[in-house]
Structures are given as C-alpha cells and as structure tokens.
Amino acid sequence: MSITSTFVDEVKLKLTSWKGKSTSMMGWIQLVNTMIIGFLAYSFNMYKWHVSILKQVKQWCQNFIWIGDILKKGIATVHWATICPLLENGSLNIINLHHENNVYLLKLA
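Report on the accompanying structure. The structure presented is a predicted model; accordingly, all values stated were derived computationally and were not measured.

### Focus: the overall build of the protein chain
When you go through the protein chain residue by residue, the secondary structure sums to 5 helices and 0 strands. Going from the N terminus to the C terminus, the protein chain shows its helices and strands as α-α-α-α-α. A burial count over the protein chain gives 35% of its 109 residues as buried. Of the contacts made within the protein chain by residues no fewer than 6 positions apart, 64% connect residues no fewer than 24 positions apart.

### Details of the side chain of S43
Locating S43 in the fold gives a position in helix α2 (residues 25–44). A polar side-chain atom of S43 sits 3.2 Å from a polar atom in the side chain of W49. The residues touching S43, leaving out its near neighbours within four places in the chain, are F7 and W49.

### Notes on the environment of W28
Positionally, W28 belongs in helix α2. A relative accessible area of 13% means that W28 is categorised as buried.

### Topic: the environment of T34
Tracing the sequence through the fold places T34 in helix α2. Residues T34 and I95 lie 61 residues apart in sequence; the distance between their C-alpha atoms is 9.7 Å.

### Looking at helix α5 (residues 97–106)
For α5, the complete set of buried residues consists of L97, E100, N101, Y104 and L105. Buried positions in α5, seen along its axis, are confined to an arc of 135° and lie on one side of it. With respect to the buried face of α5, the exposed residues turned more than 90 degrees away are H99 and L106. On its buried side, α5 packs onto α2 and α3 (51–66).

### Digging into the packing of α3 against α5
Interaxial distance between α3 and α5 falls to 9 Å at its minimum, and their mutual angle equals 130°. Between α3 and α5, the crossing angle belongs to the class labelled oblique. Residues V51, L54, V57 and K58 of α3 form the contact with α5, whose own contacting residues are L97, H98 and N101. Taken together, the residues that form the contact of α3 with α5 break down as 4 nonpolar, 2 polar and 1 charged.

Reading the values: rules and limits
- Note that residues are indexed from 1 along each chain, following the sequence as it is written.
- Residues qualify for local features only when their pLDDT is at least 70, as the model is predicted, and side-chain atom pairs are given and counted only at 80 or more; totals for whole chains, interfaces and linings, by contrast, use all residues.
- Calculation of side-chain values draws on the structure's entire complement of heavy atoms; hydrogens and water are dropped beforehand.
- A run of H or I in DSSP counts as a helix once it spans at least four residues, and a run of E counts as a strand once it spans at least two, with each numbered from the N terminus.
- Accessibility here uses a 1.4 Å probe with only protein chains present; expressed as a share of the type maximum, an area under 20% marks a residue as buried, one over 50% as exposed, and anything in between as partly exposed.
- By definition, residues are in contact when any of their heavy atoms lie within 4.5 Å.
- N or O atoms within 3.5 Å of each other form a polar contact, as long as, within protein, one can give a hydrogen and the other can take it, and as long as residues adjacent in sequence are counted only when both atoms are side-chain atoms.
- Working definition: the arc comes from the directions between the helix axis and the C-beta atoms, pointing outward to the latter.
- Axis angles are defined between N-to-C directions and span 0 to 180 degrees, where every axis is a line fitted to C-alpha atoms and, for a helix, only to the segment in contact.
- When describing relative orientation, an angle under 35 degrees is termed roughly parallel and one over 145 degrees roughly antiparallel, while 65 to 115 degrees is termed roughly perpendicular and anything else oblique.
- Ten residues, namely Ala, Val, Leu, Ile, Met, Phe, Trp, Tyr, Cys and Pro, are considered nonpolar, four, namely Asp, Glu, Lys and Arg, are considered charged, and the remaining ones, Gly among them, are considered polar.

See the structure below:
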C-alpha cells in the first residue's frame, strides 16, 4: 500500500465520520479547509499526488460540503471554481488541492 493511498483512506474516513453532524455549510467548509487540507499538507510537502487522486478527494469534499455525505452526488448551486478563490474576492475560500500540492512542491525546488 502506498503512502498516498493511506492518506486518501484517512481523508475518506474523516469525511465519512463527520456525516450527519448538525452544522452549517460554513462549518463544513471550515472542517474541510482546516482538517483535510491541514492533514494533506504533510504529504504535499513530500509527494506529488496524481491528478486522479486529487480529483477524487476534491469530489468527496464537494459532496461533503453540498450534501453532507461524500458518497451522494448532488446538484451544486454554484460552480466550484467560483467558491475556491480568496475570501477577499467574495468567495468561500475553499482551498484548491491541485494548486496547494504544487505550491508545497515548489518549496522543495
């Protein structure tokens, strides 16, 4: 089992354990931004994640934020790219995993 798959399994476990918690959408966004991205930052410092894995984790985060369950796909009311930029620009400041992975890897160069 690779290190990346271990981290992906841990992210999935964290997101599914929060399922059904009575919190607002902003609470779910805070959970994703602080817990998931903070957890992944450790591995981002050392490994370049494959794009397909990043897309899968992003999909789980989207489903969790919109619906509260990573396995249920719902209809998003706003395009994901619209809510990912900085909070100062009027968005929800959700961190883009692909860009975050590249930023951490640039530190190694």
